[in-house]
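One letter stands for each residue in the lines below.
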Amino acid sequence: MPCVEDTVVCEVVLGGGGRRRVCVGGVCAPPPLHVYPENRRNPPAVAMDIFDPPRLPKPVKIFYGDVVQDVAEWAKICVKKYHADLVALHLIGTHPQLGGKSPKEAAKTVEEVLQAVDVPLIIGGSGDKSRDPEVLAEAAETAEGEGCLLNSASLDMNYGLVVEAAKRCGHAVISWVPLSLPLQRKLNRELLRLGLPIDRIVMDPTTAPLGYGLHYSVDVVERIRREAFGGDAVLGVPILSGSSNAWGAREARLEKPEWGPLELRGPLWEAVNALAMFLAGADLLLMMHPKAVELFRQMVKQLAEPKEAR
């Protein structure tokens, strides 16, 4: 039976109402013991990335085909065909260099995706720190009551606007920092100070690509978990890994026949990235290629086999 008492990492419940509920976190053992079902209330959840407009590595774009031109249809494929637990919508078209969509225009896209799928959404901006707070606040209003996860609050932006929107509209917030345990603690404290409940915070300490700094991400996540199990309650919240960052590695996306078939190499690179972060302590994985998702789930299933079969 999964642990019920002595849970150190709290649960964050996403979705609700007429939308499927997805629980992340609820862990009662530190790495590596957390991988076993008896030491966690919930299995790792997978959110599949979609982008408006689509900007994808070639192997991913070829795999999906023209469906990526319709973000709502793309979301449907992720859920119905590839069984995504959540959909991570990235509103990158709000960036001034990618079209500069207004917050209201972006909110219309959020509404389209909400109507297309029944799983919780992770709603992200474009990475423009001056525009993202307004984009996320407007999206939060549109998705009020849907239990979304706003991506994200960081120390170098107006995170107060994101937190207030999340509190008002019933959402959770990603607490993002660049590979730093002290900064993660500081930002979590800030979000709590602003009145965001601890069970509505998900940490993202940053995931570097395999071969390009992944070991730093693994180290930070493991240390965060050790601190939480050592009594630091501020860090006792679920961890998100942007494992699709694996596609930033040239080995995942360049056509180099001597490196092996690209259609296999790219998904393998992403799946291994996700597995490493799960073993370090991640509870929620952002992934992009359906084949990578399938492979990651197979590996997690093998890890979760009964003790007598291990």
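Figured I'd write up the structure that's included with this text. (Residues numbered from 1 in each chain as written. Predicted model: local features only at pLDDT ≥ 70, side-chain atom pairs only at ≥ 80, totals over all residues. Heavy atoms only, no water.)

### Here we look at the side chain of T207
Residue position: T207 is located in the loop between β8 (201-204) and α7 (214-229). You can call T207 buried: its relative accessible area is 3%. At 3.4 Å, the side chain of T207 and the backbone nitrogen of G242 are in polar contact. Dropping the residues within four chain positions of it, T207 is found in contact with L214, S217, S241, G242, S243, N245, N273 and M277. (Helix = DSSP H or I, 4+ residues; strand = E, 2+ residues; numbered from the N terminus. Buried < 20%, exposed > 50% of the residue type's maximum accessible area, 1.4 Å probe, protein only. Polar contact = N/O pair within 3.5 Å; in protein donor to acceptor, adjacent residues only side chain to side chain. Contact = heavy atoms within 4.5 Å.)

### Considering the packing of helix α2 (residues 71-81) against helix α3 (residues 103-116)
Packing of α2 against α3 leaves a shortest axis separation of 9 Å and a crossing angle of 35°. Note that α2 runs across α3; the crossing there is right-handed. Across the interface between the two elements, V71, A72, A75 and K76 of α2 pack against T109, E112, V113 and A116 of α3. Residues that form the contact of α2 with α3 fall into these classes: 5 nonpolar, 1 polar and 2 charged. (Axes fitted to C-alpha atoms, helices over the stretch in contact; angles between N-to-C directions. Left-handed = near helix turned anticlockwise from the far one by under 90°. Nonpolar A, V, L, I, M, F, W, Y, C, P; charged D, E, K, R; others polar.)

### A closer look at the sheet that holds strand β10 (residues 284-287)
In spatial order, the strands read β8-β7-β6-β5-β4-β3-β10-β9; together these 8 strands make up an open sheet with parallel pairing. Pairing within the sheet leaves two strands with one partner each, and these edge strands are β8 and β9 (240-241). Together, β6 (149-153), β7 (172-176) and β8 form the strand contacts of helix α6 (residues 181-193), whose direction differs from that of β8 by roughly 160°. Along the sheet face, helix α9 (residues 262-280) touches β9 and β10 and points at about 165° away from the line of β10. (Pairing = 2+ DSSP bridges.)

Shape descriptors only; they carry no functional weight alone.
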